[in-house]
Amino acid sequence: MPAPVPDLQLVAINLTRRCNLACAHCYLDADELGKPAPDELSTDEVRGLLDDIAAHHPQTLIVLSGGEPLLRRDLEEILRHGQRLGLSCVIGSNGALLTEARVGSLKRAGALGIGISIDSLQPERHDAFRGQPGSWHKTLRGIEQCRRQGLDFQIHFTVTDDNYREIDAVVDFAAASGARVVNFFFIVCTGRAKSAGRIRNQRHEASLQRLIASQQRHPDLIIRPRCAPWFKRVAWHNDPQASINRIGGREGDGCLAGTSYCRVAPNGDVTACPYIESAVGNIRQQPLSRIWAEADDFQRLRGAELGGKCGRCEFRALCGGCRARPLALGNDLMDEDPACSYRPRQVPVIEPVGDLTPPMHWTEDAQQRLQRIPGFIRKMIRQRAEAHARDCGDRQVTLAHLQALTAARFGDRVPWRRPGSGEDER
């Protein structure tokens, strides 16, 4: 009997290669402005892609990215179509084009939020990295417009040797500006990033320690590393019983490529993630739902038969390594992650703490509240609620646990409350 197809939880759709900037680390090697490429997906093709996702994986979170997606004149039309289908759609942007009018237009079209890139709190450093003078000030104005108009936003920060010392300051900035999340991206050497200012392996560990300390300083802000799955190993060494270690590597902090996540390129090619360049199919020839279910590389990623030291590492259940980095060096998809400097020991595999503890029970009213939360974040909320209840010394999750988490995270601005519903989502 074939293995069940895992849920497709996250799809990144690169709508275009065009961009208003020329960032040093761009995995897509995006073109500065210019005309749409002749093979760029049309509005109808993107609509069809969303139709297919809604029919087979309706809880999927859609990330509309680029290049710079705001250069697509049909972006609002695409958002409206996703909203009609009941899909959750967010945007990934450099933020420089977020004028007052455009933020309002995106929000009215149904965007649930936007990820905005800031690569330094020093304007000249950010501008040099982004390839255009004045881009820092434009992006800051965009962040302010999102804050004023109530469009939820995240901060995205790419960690390099030049800016890794700014991690603490960027977290403080994100908290002060009203961001919900800060994502720290660790460069994978594809596209223009082959020559970008990557970070040395020995500084990875120090940077991840800074993220852990920052999360302790800002418990109400979600701080996440991206493309650095060894974060779980670093966290485990700090505190093996910490709540974060209740979640396995492929469930949140590890490499999600092909297991719960994939990318659709501007020409319709499907890859396991944006940093894996080899396509496993194209939505013009096959529906994404079929590619997701059948692609050979996706099957390999789900089997997780790792090579090299990743396959011998006691942290492979918590981590698993990045699958794009070995490919970028010309090695196999399942080879060891070259960015990890850890040397495995000859000890048993360290399992997620949650796998070693009895399952948590939920009260009926807590279960009902959980079902009202959008599907794309429901699993994460479940895991956080169970970890919170355990930390409180309780054996079941109650409505009070959910209310405490939600109030601490969102206050009165619960993002999934239906306007005018009168529901008390706290």
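Being a predicted model, the structure only gives us computed values, none of them experimental.

### Regarding the confidence of the model for the protein chain
Phase 1 of the analysis: With 83% of its residues at a pLDDT of 70 or more, the protein chain has an overall mean of 85.
Phase 2 of the analysis: Segment residues 410–426 is flagged for pLDDT under 50; beyond a separation of four residues in sequence, or across chains, it makes 31 contacts in the model.

### What about the packing of aromatic side chains?
One pair of aromatic rings is described through two measures. These are the centre distance and the angle between the planes.
Phase 1 of the analysis: Under the criterion given, the structure shown has 5 aromatic pairs.
Phase 2 of the analysis: Relative to W230, the ring of F186 lies with its centre 6.2 Å away and its plane at 80°, an arrangement referred to as edge-to-face. Within this pair, whereas F186 is found in strand β8 (residues 181–186), its partner W230 is found in the loop between β9 (222–226) and α8 (231–238), the two being separated by 44 residues in sequence. Residues F186 and W230 agree in their burial class; the two are buried.

### Topic: the sheet that holds β8
Phase 1 of the analysis: With mixed pairing, the 10 strands of this open sheet are ordered in space as β9-β8-β7-β6-β5-β4-β1-β10-β11-β12. In the strand order of this sheet, the two ends are held by β9 and β12 (281–282), each with one partner.
Phase 2 of the analysis: Direction of pairing for β8 relative to β9: parallel, over a ladder of 5 bridges. What sits directly across from V182, in β9, is I223.
Phase 3 of the analysis: Contacts between helix α5 (residues 135–149) and the sheet are confined to β6 (114–117) and β7 (153–159), with β6 contributing the most and set at about 155° to the helix.

### Focus: the nonpolar core
Phase 1 of the analysis: The biggest cluster of nonpolar side chains holds 90 residues, and the ones touching the most others in it are V11, I62, L79, I155, F184, L288 and F298.
Phase 2 of the analysis: Those residues within four positions of L288 in sequence are excluded, and the remaining contacts are L8, V11, L49, D52, I53, C262, V264, V270 and I283.
Phase 3 of the analysis: One finds M360, A366, I381 and L402 within the second-largest nonpolar core, a separate group that totals 10 residues.

### Topic: the pattern of salt bridges
Side-chain pairs of opposite charge can arise whenever the charged atoms involved come near each other.
Phase 1 of the analysis: Inspection of every chain in the model, using the stated rule, returns 21 salt bridges.
Phase 2 of the analysis: Between E40 and R72 there is a salt bridge, with the nearest N and O atoms lying 3.3 Å from each other. A residue pair is termed long-range when its members are at least 10 positions apart, and E40 in the loop between β3 (31–32) and α1 (43–56) and R72 in the loop between β4 (61–65) and α2 (75–84) qualify at 32 residues. With respect to class, E40 is no different from R72; both count as buried.

### Topic: α8
Phase 1 of the analysis: A large share of α8 lies buried, amounting to 6 of its 8 residues.
Phase 2 of the analysis: Along α8, the residues classified as buried are F231, K232, R233, V234, A235 and W236.

### Topic: the packing of α2 against helix α3 (residues 100–109)
Phase 1 of the analysis: As a packed pair, α2 and α3 sit with axes 8 Å apart at the nearest point and diverge in direction by 25°. Taken together, the axis directions place α2 and α3 in an arrangement best described as roughly parallel. For the pair formed by α2 and α3, the contact residues are L75, E76, L79, R80 and Q83 on the first element and R102, S105, L106 and A109 on the second.
Phase 2 of the analysis: By residue class, the composition of the contact of α2 with α3 is 4 nonpolar, 2 polar and 3 charged.

### Re unusual backbone geometry
Phase 1 of the analysis: Cis peptide bonds are those with omega within 30 degrees of zero, and the linkage from G66 to G67 qualifies with 20°.
Phase 2 of the analysis: Here G67 lies in the loop between β4 and α2.
Phase 3 of the analysis: Positive phi, close to 65°, is recorded for C227, a residue that is not glycine.
Phase 4 of the analysis: Tracing the backbone shows C227 in the loop between β9 and α8.

Reading the values: the criteria
Residues numbered from 1 in each chain as written. Predicted model: local features only at pLDDT ≥ 70, side-chain atom pairs only at ≥ 80, totals over all residues. Heavy atoms only, no water. pLDDT = per-residue confidence, 0-100. Contact = heavy atoms within 4.5 Å. Phe/Tyr/Trp six-rings, centres within 6.5 Å; stacked < 30°, edge-to-face > 60°. Helix = DSSP H or I, 4+ residues; strand = E, 2+ residues; numbered from the N terminus. Buried < 20%, exposed > 50% of the residue type's maximum accessible area, 1.4 Å probe, protein only. Pairing = 2+ DSSP bridges. Axes fitted to C-alpha atoms, helices over the stretch in contact; angles between N-to-C directions. Core = buried A, V, L, I, M, F, W, Y, C linked by side-chain atoms within 4.5 Å. Salt bridge = Lys/Arg side-chain N within 4 Å of Asp/Glu carboxyl O. Parallel < 35°, antiparallel > 145°, perpendicular 65-115°, else oblique. Nonpolar A, V, L, I, M, F, W, Y, C, P; charged D, E, K, R; others polar.

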